[in-house]
Amino acid sequence: DQNSLLFYVNGKRVEDQNVDPRTTLATYLRENLKLTGTKIGCNEGGCGACTIMVSDLDPATDEIRHYSVNACLTPVCSVFGKAVITVEGIGSVAKKRLHPIQERLSVAHGSQCGYCTPGFVMAMYALLRNKPKPNMEDVDEAIQ
Ligand code: FES
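The rules behind each value
- Residues numbered from 1 in each chain as written.
- Predicted model: local features only at pLDDT ≥ 70, side-chain atom pairs only at ≥ 80, totals over all residues.
- Heavy atoms only, no water.
- Helix = DSSP H or I, 4+ residues; strand = E, 2+ residues; numbered from the N terminus.
- Rg over C-alpha atoms; globule rule 2.2 N^0.38 Å.
- Buried < 20%, exposed > 50% of the residue type's maximum accessible area, 1.4 Å probe, protein only.
- Contact = heavy atoms within 4.5 Å.
- Areas by Shrake-Rupley, 256 points an atom, 1.4 Å probe, with all protein chains shown as cover.
- Lys, Arg positive; Asp, Glu negative; His and termini not counted.
- Charge placed at Lys NZ, Arg CZ, Asp CG, Glu CD.
- Axes fitted to C-alpha atoms, helices over the stretch in contact; angles between N-to-C directions.
- Parallel < 35°, antiparallel > 145°, perpendicular 65-115°, else oblique.
- Left-handed = near helix turned anticlockwise from the far one by under 90°.
- Nonpolar A, V, L, I, M, F, W, Y, C, P; charged D, E, K, R; others polar.
- Pairing = 2+ DSSP bridges.

Asks: What am I meant to see in the overall build of the chain here?
Replies: Broken down by element type, the chain carries 4 helices and 5 strands. Secondary structure of the chain in N-to-C order comes out as β-β-α-β-β-β-α-α-α. Its C-alpha atoms give the chain a radius of gyration of 15 Å, within 12% of the compact-globule value 15 Å for 144 residues. Across its three principal axes, the chain shows a C-alpha extent of roughly 50 × 35 × 30 Å. The buried share of the chain, taken over its 144 residues, is 35%. Sequence separation of 24 or more characterises 53% of the internal contacts of the chain that already satisfy a separation of 6 or more. Carbon and sulfur atoms form 51% of the exposed surface of the chain, whose accessible area is close to 9,000 Å². Of note, the chain has its 15 positive side-chain charges centred 8 Å away from the centre of its 16 negative side-chain charges.

Asks: Which parts of the structure should I look at to understand the packing of helix α3 (residues 117-130) against helix α4 (residues 136-143)?
Replies: At a minimum axis separation of 9 Å, α3 and α4 run at an interaxial angle of 135°. Between α3 and α4, the angle is such that the two are oblique. For the pair α3 and α4, the crossing hand works out as right-handed. Every residue of α4 that contacts α3 at F120, A123, M124 and L127 is listed here: D138, V139, A142 and I143. Residues belonging to the contact of α3 with α4 are distributed by class as follows: 7 nonpolar, no polar and 1 charged.

Asks: Sorry, what's going on with the environment of L57 here?
Replies: Topologically, L57 is positioned in strand β3 (residues 51-57). Distance from L57 to K82, taken between C-alpha atoms, is 8.3 Å for residues 25 residues apart in sequence. Ignoring anything within four residues of it in the chain, the contact list for L57 reads D62, E63, I64 and R65.

Asks: Looking at this structure, I do not really get the sheet that holds β3. What am I missing?
Replies: On the basis of which strands lie adjacent, the open sheet formed by 5 strands has the order β2-β1-β5-β3-β4 and mixed pairing. Every interior strand has two partners, whereas the edge strands, β2 (12-16) and β4 (64-70), have only one. For this sheet, the mean angle separating the axes of adjacent strands, direction not counted, is 30°. Pairing analysis gives 7 bridges linking β3 to β4, with the strands arranged antiparallel. Paired with D56 across the two strands is R65, which belongs to β4. Relative to β3, α3 is tilted by about 30°, and along the sheet it contacts β3, β4 and β5 (83-85).

Below, the structure written as structure tokens:
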């Protein structure tokens, strides 16, 4: 019905009739869907620990576009009809194999305490979905 929120998370349809419009995507993922791989650090758009990927259709070109998003700044209702990928959706030690980005980060000791690592992973994942062979400038911009 027209009062319900509908979107996709890691390929699964999520429908919810009872969403407080003040809820952020980060809180919704963690508390409603129990996807706690998305971390909340600063909760104000500064640290990137909450980064996830959103995909939608570009209305101008009808092409699918992917972008990394700070889930702590994103009202969950704004992803209506869109597809969200969280770190759980790309790989894990427990359920499936690590994604190559996760594997390289691990092998190269590319995290410190690890709290923001899912955010780094998702920023890199979104970059590679858009541009499989990025140059250094692309990487720099994506991480920023
Ligand atoms: Fe820091 Fe979202 S929690 S940017």
